[in-house]
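Listed below are the residues making up each chain.
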Amino acid sequence: MRTLSKKMIAKEKGSLLTYMTAMGHEQLVFCQDEETDLKAIIAIHDTTLGPALGGTRMWNYSNSQDAVDYVLRLSRGMTYKAAISGLNLGGGKAVIIGDSSTQKNESLMRRFGKFVDSLGGKYITAEDVGMSPVDMQYVRQETKFVTGVPESIGGSGDPSPFTAYGVYMGIKASAKYKWGSNDLTNKRILVQGIGSVGEHLVKHLCDEGANVIINDINQEKVRKVADKFHVDSILETQLYDLDVDIYAPCALGAVLNPQTIPALNCCIVAGAANNQLQDEERDANLLLKKDILYAPDFLINAGGLINVYSELQGYNKEESLRKTTEIYNTTLEIYKKAEIEQITTHQAAYSIAAKKIADRKLALKNA
Ligand code: NAD
């Protein structure tokens, strides 16, 4: 065990509490187990609408502050994602610190499952980056508070195809709003990040005849996906100012910021990545000023959440697909609201979600 100075502990606790309070979180749980070398953080943002459901990401964060930042930002996003999608869920998220390709194993995942179980259902986990349905199956051995387990054992499986389909719906709605037609034939679309979601998205876009360009830090994946779908690829150095109709960020967050937005050469930004705006208000306004239509990430990437939510009530694939298709109409409604109220599309989506939570809080108070 490591010794810590009292001063250091006080400083950490003080700043963390202030931080999570400012973000509106209910609970932040640090999990550590020497035997399995598990280091994880679970963040529960808001449970007004229901239990906090959100995926677990395994990532090799260079320091624990980055992991805390990530889990606080993402769990907050999950609250608004569930609310705007009309789901009776709150927002939560978990991170396991480590390299998923070398450090992930059954004991680690089962130990993590025990920590999830100890929260008694206030937090329900699922897959995120670095996780698979099999990992969720390990977690299931220790807790019932897990979704996204394999279909073979009654689960909903990998949520990524549903996420990709929802993003595709969001892209089509954005095209309809911007150009009067949702037809993506010959539209130049840059997909950044061709992982579980990105690759499925590329397929939808190619099937519709879009002119897709892909980018990923994993060059082997780039070669594989480029060959499979006969699409072009581009290096990161030429990415942001590439002349395209639509930019679909499907890798990591904070890609829309004062460094990248001035360079953007597209009409629409619509992708799967969570927390694309580095600073929500500032960057949504920068996009608006450039007349770039921004599809709020937490709105159009909700397909996976919609699918795992269905698992909690007895999995129904058709119903998940129907609800995910609805993202098309909701996106158009958000755009109209933003136009009428002269606000950013992010603000429009956020205000609807926040109102749902406020109304529920009031109803609970008056009950
Ligand atoms: P993934 O790990 O399968 O894929 C991510 C891909 O992005 C990988 O191929 C990785 O090599 C690439 N990448 C990482 N950093 C990059 C960079 N700087 N530039 C280019 N490529 C980079 O993850 P995923 O499940 O496909 O999720 C992608 C994004 O969508 C994440 O932000 C995730 O949080 C979000 N999301 C996923 C789901 C889901 O159902 N999987 C649901 C909602 C949101």
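In this text, all values refer to a predicted model and were calculated from it rather than measured experimentally.

Further remarks concern the sheet that holds strand 8 (residues 211–215). Pairing in this open sheet of six strands is parallel, and the strands run 9-8-7-10-11-12 from one edge to the other. Looking at which strands have only one partner, the edges of the open sheet turn out to be strand 9 (232–233) and strand 12 (293–294). Examined bridge by bridge, strand 11 (residues 268–269) and strand 12 share two bridges and lie parallel to one another. Within strand 12, the residue paired with isoleucine 268 across the bridge is leucine 293.

Before going further, it helps to spend a moment on the site of the ligand. Inspection of the region around the ligand gives 23 residues, with Thr163, Val197, Asp216, Lys221 and Ala251 positioned closest. Between an oxygen atom of the ligand and a main-chain N or O atom of serine 196, the distance comes to 2.9 Å. Take asparagine 274: an N or O atom from its side chain is 2.9 Å from an oxygen atom of the ligand. When isolated, the ligand has an accessible area of 830 Å², and the protein chains bury 87% of it. Assessed atom by atom at 2 Å from the grid points, the ligand resides in the largest pocket.

What follows deals with helix 6 (residues 196–207). A rise of 1.5 Å per residue sets the reference length of helix 6, with its 12 residues, at 16 Å; its end C-alpha atoms lie 17 Å apart and thus fit the reference within 8%. If you check which residues of helix 6 are buried, you get Val197, Gly198, Glu199, Leu201, Val202 and Leu205. Buried residues belonging to helix 6 abut helix 5 (160–179), strand 7 (188–192), strand 8, helix 7 (219–229) and strand 10 (246–249). Once helix 6 ends, the next one or two residues include glycine 209, with phi positive near 90°.

To continue, consider the pattern of salt bridges. Where charged atoms of side chains with opposite charge meet at close range, the side chains can pair. By the definition in use, this model includes 19 salt bridges. The salt bridge partner of aspartate 37 is lysine 39, with a shortest N-O separation of 2.9 Å. Taking the relative accessible area as the measure of exposure, lysine 39 reaches 40% and is therefore partly exposed. Here glutamate 199 ties to lysine 228 by a salt bridge, and the two come within 2.7 Å at their closest N and O atoms.

Applying the stated rule across the entire model yields five aromatic pairs. With a centroid separation of 4.6 Å and an interplanar angle of 50°, the aromatic rings of tyrosine 80 and tyrosine 350 are classed as tilted. On the criterion of sequence distance, the pair formed by tyrosine 80 in helix 2 (residues 64–84) and tyrosine 350 in helix 13 (residues 345–366) is long-range, its members being 270 residues apart. An angle of 45° between the planes, with centres 5.1 Å apart, marks the rings of tyrosine 177 and tyrosine 335 as tilted. Here tyrosine 335 lies in helix 12 (residues 327–341) and tyrosine 177 lies in helix 5, a separation of 158 residues in the sequence. According to the relative accessible area criterion, tyrosine 335 is buried, its value standing at 1%.

What follows concerns the pairing of strand 4 (residues 56–59). In this structure, strand 4 lies alongside strand 5 (residues 90–97), joined through four bridges in parallel fashion. In the strand pairing of strand 5, tryptophan 59 is matched with isoleucine 97. Between the parallel pair strand 4 and strand 5, the chain is carried across by helix 2, and the sense of this crossover is right-handed.

It is common to give the size of an interface as the accessible area lost on bringing the parts into contact. On domain assignment, one finds that the protein holds domain 1 (11–77 + 91–158) and domain 2 (161–302 + 330–352). Look at where the C-alpha atoms of domain 1 and domain 2 centre, and you get two points 27 Å apart. On the side of domain 2, nine residues touch domain 1, which itself brings nine residues to the contact. In total, domain 1 and domain 2 occlude about 790 Å² of area from one another, counting both sides; carbon and sulfur atoms represent 42% of this. For the interface between domain 1 and domain 2, the tally reads one salt bridge.

Turning next to helix 2. Under the 1.5 Å per step criterion, the end-to-end length of helix 2 is 30 Å for 21 residues, consistent within 8% with the ideal 30 Å. Structurally, the start of helix 2 carries an N-cap: the backbone nitrogen of glutamine 65 is 3.1 Å from a side-chain oxygen of asparagine 63. In the stretch just after helix 2, glycine 86 is the one whose phi turns positive, near 70°.

Moving on, we get to the layout of surface pockets. Taken as a whole, the largest pocket encloses approximately 1200 Å³ of empty space. The wall of the largest pocket is formed by 48 residues, among which Arg57, Val129, Ser196, Cys250 and Ala251 lie closest to the centre. Those elements that provide at least two residues to the lining of the largest pocket are strand 4, helix 2, helix 5, helix 6, helix 7 and helix 10 (303–312). When grouped by side-chain class, the residues that make up the lining of the largest pocket number 20 nonpolar, 18 polar and 10 charged.

Taken as a class, soluble globular proteins show a tendency for nonpolar side chains to be buried jointly. The biggest cluster of nonpolar side chains holds 84 residues, and the ones touching the most others in it are Phe112, Val191, Leu201 and Leu205. A total of eight residues in this core trace back to one element, the largest contributor, which is helix 5. Inspection of this core shows a minimum of three residues originating in each of domain 1 (11–77 + 91–158) and domain 2 (161–302 + 330–352). Within the second largest apolar cluster, 19 residues are counted, among which are Leu239, Leu264, Val269 and Leu277.

Conventions we followed
Residues numbered from 1 in each chain as written. Predicted model: local features only at pLDDT ≥ 70, side-chain atom pairs only at ≥ 80, totals over all residues. Heavy atoms only, no water. Pairing = 2+ DSSP bridges. Helix = DSSP H or I, 4+ residues; strand = E, 2+ residues; numbered from the N terminus. Near = heavy atom within 4 Å. Polar contact = N/O pair within 3.5 Å; in protein donor to acceptor, adjacent residues only side chain to side chain. Areas by Shrake-Rupley, 256 points an atom, 1.4 Å probe, with all protein chains shown as cover. 1 Å grid on protein atoms, 1.4 Å probe; cavity = no way out; pocket = protein on both sides within 12 Å on 5 of 7 lines; lining within 4 Å. Sits in = over half its atoms within 2 Å of the grid points. Expected span 1.5 Å × (residues − 1). Buried < 20%, exposed > 50% of the residue type's maximum accessible area, 1.4 Å probe, protein only. Contact = heavy atoms within 4.5 Å. Salt bridge = Lys/Arg side-chain N within 4 Å of Asp/Glu carboxyl O. Phe/Tyr/Trp six-rings, centres within 6.5 Å; stacked < 30°, edge-to-face > 60°. Right-handed = clockwise from strand over helix to strand, strands pointing away. Domains from an automatic or database assignment. Buried area = accessible area lost by both parts, 1.4 Å probe. Points joined across faces, edges and corners; volume = space filled by probe spheres on them. Nonpolar A, V, L, I, M, F, W, Y, C, P; charged D, E, K, R; others polar. Core = buried A, V, L, I, M, F, W, Y, C linked by side-chain atoms within 4.5 Å.

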